[in-house]
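Remarks on the overall topology
Residue-level listing of the chains:
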Amino acid sequence: MSELFINGGWEGATGGAVREINCPADETLVGTVAEADPADALRAIHAARAAFDGGWWKTTSVIERGQILERTAALMQDRLEEFARAESLDTGKRLVEARYDIADSIRCVRYFAQLGPTFSGRRVDTGDPKIESRVQYEPVGVAVLITPWNYPLLQATWKVAPAIAAGCTFVLKPSELTPSTSIMFMQALTDAGLPAGVGNLILGAGSAIGDTLTASPKVDMVSFTGGLETGKRVMISAAATIKKVALELGGKNPNVVFADANFDAALDNALTAIFLHSGQVCSAGSRLIIEESIHDSFVEQLVERAKQIRLGGPFDDNAETGALISAQHRDKVHAFVTAGIAEGATLLCGGQPIDGPGYFYPPTILGNCTTTMRCVQDESFGPVLTIETFTTEEQAVALGNDTYYGLAGAVWTQDAGKAQRVANALRHGTVWINDFHPYVPQAEWGGFKQSGIGRELGPNGLLEYLEAKHVYQNTDPEPSGWFSLAT
């Protein structure tokens, strides 16, 4: 059984509770893990607080912190196949996808290992030779890091790596559904030399321990990736102590296809945009916004291709995408589709759950959609694509921005000027031109509007874990003469 990791040691939950982890693809038992309660969460926070307040970690050389991350990345690389298998079993995604995810996670750890030393602050020229003025960066403090179930290790590295590079201590709480690779990651960090108390791992449901983690006055920062409603609750909980909050809360992402796009490339990528990992991707291209003149031919071929997508388990070589995370999530996705049809959307394919074992839902396409429909506005987080049409560039932009989310979007056209105009006009944190889904750790990731606040990855992803301090020194002080001397 896997345990909690607190103050440098593995231990069971205070109350002795455990949770079984099951594979979503066939419902078989993957393993058993400790289930923390609020007392465990507080112990982890206290350990992180003591490690930070002790002073020795935040004053550790940024080079040394980077070396810990480099060694961690090397250990992960050595165990890549083991990590990928564990990720597949927890999430139900195909092994080939999990291998990509683990490789991306390793790249992220290495990126922040190398980025850390570049944040040395800056000298400010005041124009006065007797004044030494500089801005220096210091770690925020204790960070609570809450990660989702769709990309468990990747999201953990996006938070843990910059936290370590910055000199923070942390409490990592992965989704209770997919803890395995976070457990392995914590072991790799420990083997790489991460000191006791700096990193702590709490396993359990957010409903039981989330408020304890986010409301504690001993926590300086919360970084959360997950659903919108939970994100709002995190923000409210953290507000009582005015702690720093970073939120990535998903999206309803437009994939805008103009008539002059490369038809075959746009068609193939429209499928990947929404049906990769069965749509369980925060940046999934769940809204196809297509120029009216090519709608019929494009959608006809899109539907035929979608019907041919093969579903299967992690180790099924013939499978092209996998299961949904749970029976509850499958039911939620189906209710979303049913409601969309009731609103007036036309079911073009899919739309019915697949009998078990496993929690599978077929690629589903809804036509005749408008932005007034909830199925266009709300996030299904499943393999459900809605289709809207436009006739002008201005209308395409207006449709793409008609959402309270703002995480990602794409534009497909062979007109370079139009591509740039539309990309600049879309109010989304990432915009792809003639592509969908790729990212690099060197570039910031995050959303506008209700997709969240703050950024992960890139230089700003490190800045989330740093505070800027201005130090102003007068090297030749003298009386100011502001007030008259007493007589």
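Scroll up for the structure.
Each chain has its residues counted from 1, following the order in which its sequence is written. Selection of residues for local features in this predicted model requires a pLDDT of at least 70, selection of side-chain atom pairs for listing and counting requires 80 or more, and totals for whole chains, interfaces and linings are taken over all residues. Each side-chain value is worked out from all heavy atoms of the structure, with water and hydrogens disregarded.

The next thing to look at is the overall build of the protein chain. A count of helices and strands for the protein chain gives 15 helices and 20 strands. With C-alpha atoms as the basis for the radius of gyration, the globule rule is written as 2.2 Å multiplied by the number of residues raised to the power 0.38. Since a compact globule built from 487 residues should have a radius of gyration of about 23 Å, the 24 Å found for the protein chain is in line with a globular shape. With the principal axes as the frame, the protein chain shows a C-alpha extent of 90 × 55 × 40 Å. Think of it in three bands: residues with accessible area under 20% of the maximum for their type are buried, residues over 50% are exposed, and the middle band is partly exposed, with areas taken using a 1.4 Å probe on protein chains only. Split into buried and exposed, the 487 residues of the protein chain put 55% on the buried side. Whether two residues are in contact is decided by their heavy atoms: any pair within 4.5 Å suffices. For the protein chain, the proportion of contacts with a sequence separation of at least 24, taken over those separated by at least 6, is 73%. Secondary structure elements are defined from DSSP: runs of H or I of at least 4 residues count as helices, runs of E of at least 2 residues count as strands, and each element is numbered from the N terminus.

In space, the three strands of this open sheet follow the order E5-E6-E20, with antiparallel pairing throughout. Every interior strand has two partners, whereas the edge strands, strand E5 (122-124) and strand E20 (466-474), have only one. Ignoring which end each strand starts from, the neighbouring axes of this sheet average 25° apart. We call two strands paired when DSSP finds no fewer than two bridges between them. Angular values range over 0 to 180 degrees, each being the angle between N-to-C directions of two axes fitted as lines to C-alpha atoms, with helices fitted over their stretch in contact.

Moving on, we come to the pattern of salt bridges. Throughout this description, the term salt bridge denotes a Lys or Arg side-chain nitrogen within 4 Å of a carboxyl oxygen of Asp or Glu. Within the structure shown, the criterion is met by 24 salt bridges. Close ionic contact of aspartate 53 with arginine 49 constitutes a salt bridge, the shortest N to O distance being 3.0 Å. Note that aspartate 53 and arginine 49 are positioned in helix H1 (residues 38-53) at a spacing of four residues, about one turn of the helix. Here lysine 159 makes a salt bridge to glutamate 456, at a shortest N to O gap of 2.9 Å. One end of the pair, lysine 159, is in helix H5 (residues 152-166); the other, glutamate 456, is in the loop between strand E19 (452-453) and helix H15 (458-463), and 297 residues separate them in sequence. Each member of the pair, lysine 159 as well as glutamate 456, carries the same accessibility label: buried. When salt bridges that share partners are traced, they join Glu11, Asp40 and Arg43 into one network.

Turning our eyes to something else, we now look at the pairing of strand E15 (residues 364-367). The two faces of a sheet get side chains in turn, since along a regular strand they alternate between them. Here E15 shows a buried face lined by Thr364 and Leu366 and a second buried face lined by Ile365 and Gly367. Sheet analysis places strand E14 (residues 346-349) next to E15, joined by three bridges and oriented antiparallel. By the bridge assignment, threonine 346 is partnered in E15 with glycine 367. Here three bridges tie E15 to strand E16 (residues 384-390), and the two strands are oriented parallel to one another. Following the sheet pairing, leucine 366 is matched in E16 by threonine 386.

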